[in-house]
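Observations on the three-dimensional arrangement
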Amino acid sequence: MHTPTVDWLALSPSVALLGASGVALLAAVIVPDWMRKSVAAGVVLIGFVLAAVLAGVVFDETPTPEVLLDGSMVRDQLAALTQVILAVTGAVVVLVSWAERRRENHGEYYALLAAAGAGMVFFVSAENLMTLFLGLEWFSLCLYILVALDTERATSLEAGLKYLIVGGFGSAVLLFGSAFVYGATGELGFAQIAAANPTDDVFLLAGLAMILAGLAFKVSAAPFHMWTPDVYQGAPTSVTTFMSAATKAAAMVVMLRVLATAFPDQSEIWRVAVAVLVCISLAWGNLAALAQRDVKRLLAYSSISHAGFMLMAIAADSERGAEALLYYLVPYSAMSVGAFAVVAARERELQRPVTLESLAGLGWERPFYGIAMWTFMLGMAGFPLTGGLFGKLFVFSAAYDSGEWWLVLFGVAATAVSLAYYLNVVRWMYMRTSGELRLAPAGGSPPPDYPLGVAVGAAVFVTVGSFFAAQPILDVATDAASSLPF
Amino acid sequence: MLTTALILLPIIGALVVAVAPLTRTTTAGLALLVALMEVGLWIVAASRFDFDEGGLQLGTSRDWVESLGISYSVGFYGFSLWLTGAAVIVSAAAIGYAMWVGRDRPRAYHALMLFLTGAIVATFAAQDLLLFYASFEAMLIPLYILVGVWGGARRQAATLAFVVYTMAGSLLMLAAVVAFGVTQGTFSLLESGTSDNVWIFLGFAVAFAIKAPLFPFHGWLPLAYREAPVEVAAVLSAVVSKTAIYGFLRIGLPKFPEPADDLSGVILVLAGAGLVYGSLLAFRAPDLRGVVAYSSMAQMGLITLGIFAFDDLGLDGAVLQSAAHGLISASMFLLVGMVEHRCGTGELASLGGMARGRPVLATVVMVAGMIALAVPGSATFAGEFLIMAGVYDQGWGYSVVVALGVVLAAMYTLRVISAILHVKPGSAVRDEALDLRPGELALVLPLLLVLLVLSAWPALVTQSSFPGNNAAQSIAEAFK
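Residues numbered from 1 in each chain as written. Chains lettered and ligands numbered in written order. Predicted model: local features only at pLDDT ≥ 70, side-chain atom pairs only at ≥ 80, totals over all residues.

**Considerations on the overall build of chain A**
Here is the rule: Secondary structure is summarised from DSSP: a helix means a run of H or I of at least four residues, a strand means a run of E of at least two, and numbering begins at the N terminus for each. Only the C-alpha atoms count toward the radius of gyration. The rule for a globule is 2.2 Å times the residue count to the power 0.38. Burial is judged by counting other C-beta atoms within 10 Å of a residue's own C-beta: 20 or more means buried, 12 or fewer means exposed, and anything between counts as partly exposed, with every C-beta placed from the backbone.
Secondary structure assignment for chain A yields 20 helices and 2 strands. Its C-alpha radius of gyration of 21 Å places chain A within 12% of the 23 Å reference for a compact globule of 486 residues. In terms of principal-axis extent, the alpha carbons of chain A reach across some 65 × 55 × 40 Å. When burial is assessed residue by residue, chain A has 64% of its 486 residues classed as buried.

Rendered as structure tokens:
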């Protein structure tokens, strides 16, 4: 029997996280109750940091892409860079979760978080449709449970069920599409599908469309976004934090990889399809966000509109577009994690869901969180002094360069609309006072939450830092983008 | 280095003011000190500046995002140095005024004011389109909070209108910046060539027209100028509006010679319409701030006429008028604030008779008013006359419009002066309302003194705004 050689270094980020997950799960059983949370969280934090470091090593030692394990996985800088982003996000999410008041299931929570991270890390290095589906299901299953983990809250269970059904449907569509593509080409590997090159095959095109739709569910691009607001709102805030940044980053990169490596000859068709997704996501995400009162829901719609911006980079179908996407992911992940972390802080303080009203006076009462939230909101709106500006600029440049100037105009108009709700958050934080609305923290001020503060601080640092140090990040993104055949 | 220091000093000052645990007065005092140091630094920069030499001076350039051709490059030309000078002086006066009235939450307030100053200076110094865009946008961040938190009763409506208008313009400009930068392969204003794309020019022109504001893009102006804290309104009308002038002079004209020429007819007509319309609105406005606000809009129309005259006289006049209007508009707003502070209202109908027993106030208001209405011999008269002469070549009708604007300016300014100082004592004027205090005098007097210097010697600005005192040619050569 033929056994493929295993490149353990390439797999090491995944393995590190799986290991951490296993230890955390054991901790749930054998560590005494009073130190269970700290042990589980600590181990998983170490796991994420280790995974980030190992992915960094892989990035450094992989000048050219290598196919592993009989063509089922790939070791390249694109995957490694995304793994770094995912692992750092995961580590920050652990800090955000640290002080969450959860009655039980601490060990399971962190174990699932690490397992989901491992799945994503595996997912982004998929090189054939089988591993792609495997990775997708791996992290999705973990997320379904994580979303429903707060069993004492009805919304959490509801969100979990919704996510399970809609997500399951998305996966099924993806699988069905993969079957069509396999039927049309007889191949599973991305490069082999491209090489088989059966142009104008109806099954291939149907498969392409279904794979695109399946991945669009995961990046929560409209019109495949229906689950996003409910799940983001209902899930425990720390889980939302993880999903909004990590799931989106992983699925975006995989979408880019699949489209660019497996379907380069059909680019005329999928570029149009992606451009349509861009327009619907930008329009619907931004308009619906205007009507939201619940901050998590508002941020959910905002994340749909950001999916639109990132897809614009994919629609550009160029190396420049890939660079723009990878750059965009850095400030976006930071802003998204940071914004949900501030919401988590407010939620813990008030002990109830955070609406715009309950942000009133936050800017003056908690100056650090206020300024941080202000930074994230301005960053998402693309203001200067945050990486959000360069994210938008690079995406627009890539789209303009590919001749899609109308997408640029659409993006500009969408940004103008988005200002209304981003600035509305700032308005509630600074221009209303809690006295006027009689808000009082339930049970007095909460104890200082240093891990969360560190997480928010790190997010601010990345958001602002990616503005001033845009070139180093872009250099890394350029290296990573060169792994793709443009 | 000096230019960078000029940008960074207020921003670092802002950070220090924001976090330093000082008392109210010390915080404000520290902010004022930083603002005065900024003025000092500007004087140093001006003294090192060689006005006879062409090209960029005091420049620094470093790569920022190499792969797209974005750089941090800053520096000054004669005209931008003068605009910056007016900006730092006005900012210092505004911060001093805020200290005098003791704004609430002083750490946040003064930090934002200093940050605003830094963003304005960066806008005037920017030699890279993206840096320009970033600084142009960065001005909006503190302004949003300054108006929204410390403003008057209808501050939220005011901020909303202000932000919606300016961001609509800014985002059009972002699209234009992307299109121009990607086509040219560089965002540097020093390295890029010219473009004949009308749409890209329009993206910039509309953004500048909103920021100025020019007719018919002035919808945000009345609310914002009325509801903003008075010293913020001073900075808005005196300085922030001038970033649009800088944009026209540094980007609009040199980078888009053909589109600017093609559209000059439309822009001249709109600018002329804005001049007359703004003056009429100023004449009809029922309150002090309304008069100053609309007069500011009229003046921006006038300056735009000078720019699109495309000749030496008009351009020199536009720069002189920008500096002079900045100073006079700030003085007027601060005086308005002082009157409002005493009477609790700016309604002209309830004011009057304040000259009696308040000689200092009367004198200062009179002097400022005389300069504002461009009495012959004043710096504003010199500016208006240059613009009138410059725009004559584009059509004598424009000169008539400018002349009309001068007459209307006299009418609305005299109306305001008499409404404050003369006629019967108004219902809101109490006998015990004080004359100007020394502290207040110390804020307005420096502005007026600078204006008197410019009145005595307008050539200080006009002869040194453009290299070789050859404005039209420098613009045509894009300051190469």
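**Let's talk about the pairing of strand β2 (residues 70-76) of chain B**
Residue and element names in this part refer to chain B. Where we set the bar: A pair of strands is considered paired only if DSSP assigns at least 2 bridges between the two.
Burial analysis of β2 places 7 of its 7 residues in the buried class, which makes it a mostly covered element. Neither face of β2 is open: one carries Ile-70, Tyr-72, Val-74 and Phe-76, the other Ser-71, Ser-73 and Gly-75, and all of them are buried. Looking at chain direction, strand β1 (residues 57-65) and β2 are connected through 6 bridges and run antiparallel. When the sheet's bridge partners are listed, Val-65 is paired in β2 with Ile-70. Count of turn residues in the β1/β2 antiparallel hairpin: 4 residues, of which Gly-69 carries a positive phi of about 75°.

**Details of the interface of chain B and chain A**
The condition that has to hold: A pair of residues counts as a contact when their C-beta atoms, built from backbone coordinates, are separated by no more than 7 Å.
Across the boundary between the two partners, chain B contributes 24 residues, which contact 25 residues of chain A. Of all the secondary structure elements, the ones that give two or more residues to the side of chain B that touches chain A are β1, α5 (129-138), α6 (140-150) and α7 (155-184) of chain B. Broken down by element, the residue count for the side of chain B that touches chain A peaks at 11 residues, all from α7(B).

**Quick word on the confidence of the model for chain B**
Residues and elements named next belong to chain B. Put simply, the test is: The pLDDT value expresses, per residue, how confident the predictor is, ranging between 0 and 100.
Averaged over every residue, the pLDDT of chain B is 90; residues scoring 70 or more account for 100%. Mean pLDDT values for the elements of chain B range from 81 in helix α19 (residues 471-476) up to 94 in helix α4 (residues 106-125). Interface scoring of the predicted complex returns ipTM 0.89; its pTM is 0.92.

**Some points on unusual backbone geometry**
The omega torsion across A:Ala222 and A:Pro223 is 5°, close enough to zero to call that bond cis. Along the chain, the position of A:Pro223 falls in the loop between α8 (202-218) and α9 (227-234). Of the consecutive residues B:Phe215 and B:Pro216, the connecting peptide bond is found in the cis state with omega at 5°. For B:Pro216, the position within the fold is in the loop between α8 (198-211) and α9 (221-227). Even without a glycine there, the phi angle at B:Leu58 is positive, about 55°. For B:Leu58, the position within the fold is in strand β1. Positive phi outside glycine occurs at B:Ala374, with the angle close to 60°. On the basis of neighbour count, B:Ala374 is assigned to the buried category, with 25 C-beta atoms found within 10 Å.

**Thoughts on the nonpolar core**
Convention followed: Only buried Ala, Val, Leu, Ile, Met, Phe, Trp, Tyr and Cys residues enter a nonpolar core, and they are joined through C-beta atoms within 7 Å.
Formed by 416 residues in total, the largest nonpolar core has its most connected members in A:Val44 and B:Val90. With 19 residues, helix α13 (residues 319-350) of chain A is the single largest residue contributor to this core. Other than its neighbours up to four places away in sequence, B:Val90 contacts B:Ala234, B:Val235, B:Ala238, B:Val239, B:Gly326, B:Leu327 and B:Ala330.

**Here we look at helix α15 (residues 379-391) of chain B**
All names here are of chain B. Convention followed: Expected span of a helix, by definition, is 1.5 Å for each gap between consecutive residues, and there is one gap fewer than residues.
Taking 1.5 Å of rise per residue, 13 residues should cover 18 Å, and α15 covers 18 Å from first to last C-alpha, within 8% of that figure. Counting buried positions along α15 yields 11 of 13 residues, so the element is predominantly enclosed. For α15, the set of buried residues is Ala-379, Thr-380, Ala-382, Gly-383, Glu-384, Phe-385, Leu-386, Ile-387, Met-388, Gly-390 and Val-391. On its buried side, α15 packs onto α12 (288-307), α13 (312-343), α14 (359-372), α16 (396-421), α17 (438-456) and α18 (459-462).

**Observations regarding the confidence of the model for chain A**
For chain A, per-residue confidence averages 88 on the pLDDT scale, and residues scoring 70 or more make up 96% of the total. Mean pLDDT across the elements of chain A bottoms out in helix α18 (residues 434-437) of chain A (59) and peaks in helix α12 (residues 295-315) of chain A (93).

**What about the packing of α8(A) against helix α10 (residues 237-262) of chain A?**
Residues and elements named next belong to chain A. How we decide: All axes here are fitted lines through C-alpha atoms, helices being fitted over the stretch that makes contact, and every angle between N-to-C directions spans 0 to 180 degrees. Just so you know how the angles are binned, under 35 degrees is roughly parallel, over 145 roughly antiparallel, 65 to 115 roughly perpendicular, and the rest oblique. With the far helix as reference, a near helix turned anticlockwise by less than a right angle produces a left-handed crossing, and one turned clockwise produces a right-handed crossing.
Interhelical geometry of α8 versus α10 gives an angle of 160° and a closest axis separation of 8 Å. Comparing their axes, α10 and α8 come out roughly antiparallel. Note on packing geometry: the crossing formed by α8 with α10 is left-handed. Taking contact as the criterion, the partners of Ile-211, Leu-215 and Lys-218 in α8 are, on α10, Thr-247, Ala-251, Val-254, Met-255 and Val-258.

**Observations regarding the packing of α12(A) against helix α16 (residues 387-401) of chain A**
Residue and element names in this part refer to chain A. Our working rule: Ten residue types, Ala, Val, Leu, Ile, Met, Phe, Trp, Tyr, Cys and Pro, are classed as nonpolar, four, Asp, Glu, Lys and Arg, as charged, and the remainder, Gly among them, as polar.
Between α12 and α16, whose axes approach to 8 Å, the crossing angle comes to 35°. The crossing of α12 and α16 is left-handed. Along the contact surface, α12 presents Phe-309, Met-312, Ala-313 and Ala-315, while α16 presents Lys-392, Val-395, Ala-398 and Ala-399. Here the residues of the contact of α12 with α16 are counted per class, giving 7 nonpolar, no polar and 1 charged.

**Remarks on the environment of B:Lys242**
Residue and element names in this part refer to chain B. Counting through the fold element by element, Lys-242 comes out in helix α10 (residues 230-255). Residue Lys-242 is classed as buried on the basis of its 30 C-beta neighbours within 10 Å. Between the C-alpha atom of Lys-242 and that of His-325, which follows or precedes it by 83 residues, the distance is 9.5 Å. Setting aside anything within four residues of it in sequence, one finds Lys-242 in contact with Leu-83, Ser-322 and Gly-326.

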